[in-house]
Amino acid sequence: MAKLDLIVIGASAGGLEALIDIVTGLPKDLPAAIIVVVHTRSSGTSYLADILARETELSVRFPPPIGPIEPGHLLVAPPDFHVLVTQRGV
């Protein structure tokens, strides 16, 4: 199994400004992956991935049901979901 540096960030719904401050200026070739989980309402559509994508050069997306975790990618947990990290990814 290859080594992967992983940064996990959790925030409440009021943490948007802090998240933007963190991701702004991160290089596209960041040698780590980032997973962001924010406590928000379970109903409705989340625009968090879109908002963060405008502020960083990293690839920002919701994680696939099962998929790899790659350096230089920022994965945003959808509302009302948990992210489980395994040897296979998320």
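You'll find the structure just up there.
Just so we're clear, the structure is a prediction, and the values are computed from it rather than from any experiment.

### Quick word on helix α1 (residues 16–23)
Among all positions of α1, only L19, I20 and V23 are buried. The buried residues of α1 occupy one face: seen down the axis, they fall within an arc of 100°. Turned more than 90 degrees from where α1 packs its buried face, E17 and D21 sit exposed. Tucked inside the fold, the buried residues of α1 contact β1 (5–12), β2 (32–39), α2 (48–53) and β4 (73–76). G25 occupies a position one or two residues after α1 and carries a positive phi of about 90°.

### Remarks on the nonpolar core
L19, I34, V36, L48, L52, L74 and V76 are the most contacted members of the largest nonpolar core, which totals 17 residues. For this core, the secondary structure elements donating two or more residues are α1, β2, α2 and β4. Ranked by residue count, the leading element in this core is β2, at four residues.

### Focus on the layout of surface pockets
Estimates place the volume of the largest pocket at around 190 Å³. In this structure, the largest pocket is lined by 11 residues; those nearest its centre are A2, L4, T86, Q87 and G89. Partitioned by chemical class, the residues of the lining of the largest pocket number seven nonpolar, three polar and one charged.

### Quick word on the sheet that holds β1
An order of β1-β2-β4-β3 is seen for the four strands of this open sheet, with the pairing classed as parallel. Edge strands, defined here as strands with exactly one partner in the open sheet, are β1 and β3 (59–61). Taken pair by pair, the neighbouring strands of this sheet meet at an average axis angle of 15°, ignoring direction. Pairing of β2 with β4 involves three bridges; the strand directions are parallel. Looking at β4, one finds that I35 is bridged to L75. Docked against the sheet, α1 engages β1, β2 and β4, running at close to 155° with respect to β1.

### Re the environment of V83
By the element assignment, V83 lies in the segment after β4. For V83, a relative accessible area of 25% gives the class partly exposed. Expressed as a C-alpha distance, the spacing of V83 and V36, which sit 47 residues apart in the sequence, is 9.1 Å.

### With respect to a nonpolar patch on the surface
Taken together, the side chains of L4, L6, V8 and V85 define a hydrophobic patch exposed on the protein surface, amounting to about 300 Å² of accessible area. Here L4 shows up in the segment before β1.

### Here we look at the pairing of β4
Judged by which residues are buried, β4 turns out to be covered on both faces: H73 and L75 on one side and L74 and V76 on the other are all buried. Looking at chain direction, β3 and β4 are connected through three bridges and run parallel. The partner of V60 across the bridge, within β4, is L74.

Cut-offs used in this document
Residues numbered from 1 in each chain as written. Predicted model: local features only at pLDDT ≥ 70, side-chain atom pairs only at ≥ 80, totals over all residues. Heavy atoms only, no water. Buried < 20%, exposed > 50% of the residue type's maximum accessible area, 1.4 Å probe, protein only. Helix = DSSP H or I, 4+ residues; strand = E, 2+ residues; numbered from the N terminus. Arc of directions from axis to C-beta. Contact = heavy atoms within 4.5 Å. Core = buried A, V, L, I, M, F, W, Y, C linked by side-chain atoms within 4.5 Å. 1 Å grid on protein atoms, 1.4 Å probe; cavity = no way out; pocket = protein on both sides within 12 Å on 5 of 7 lines; lining within 4 Å. Points joined across faces, edges and corners; volume = space filled by probe spheres on them. Nonpolar A, V, L, I, M, F, W, Y, C, P; charged D, E, K, R; others polar. Pairing = 2+ DSSP bridges. Axes fitted to C-alpha atoms, helices over the stretch in contact; angles between N-to-C directions. Patch = residues over 30% accessible without salt bridge, like charges linked within 9 Å, V, L, I, M, F, W, Y side chains within 5 Å. Areas by Shrake-Rupley, 256 points an atom, 1.4 Å probe, with all protein chains shown as cover. Salt bridge = Lys/Arg side-chain N within 4 Å of Asp/Glu carboxyl O.

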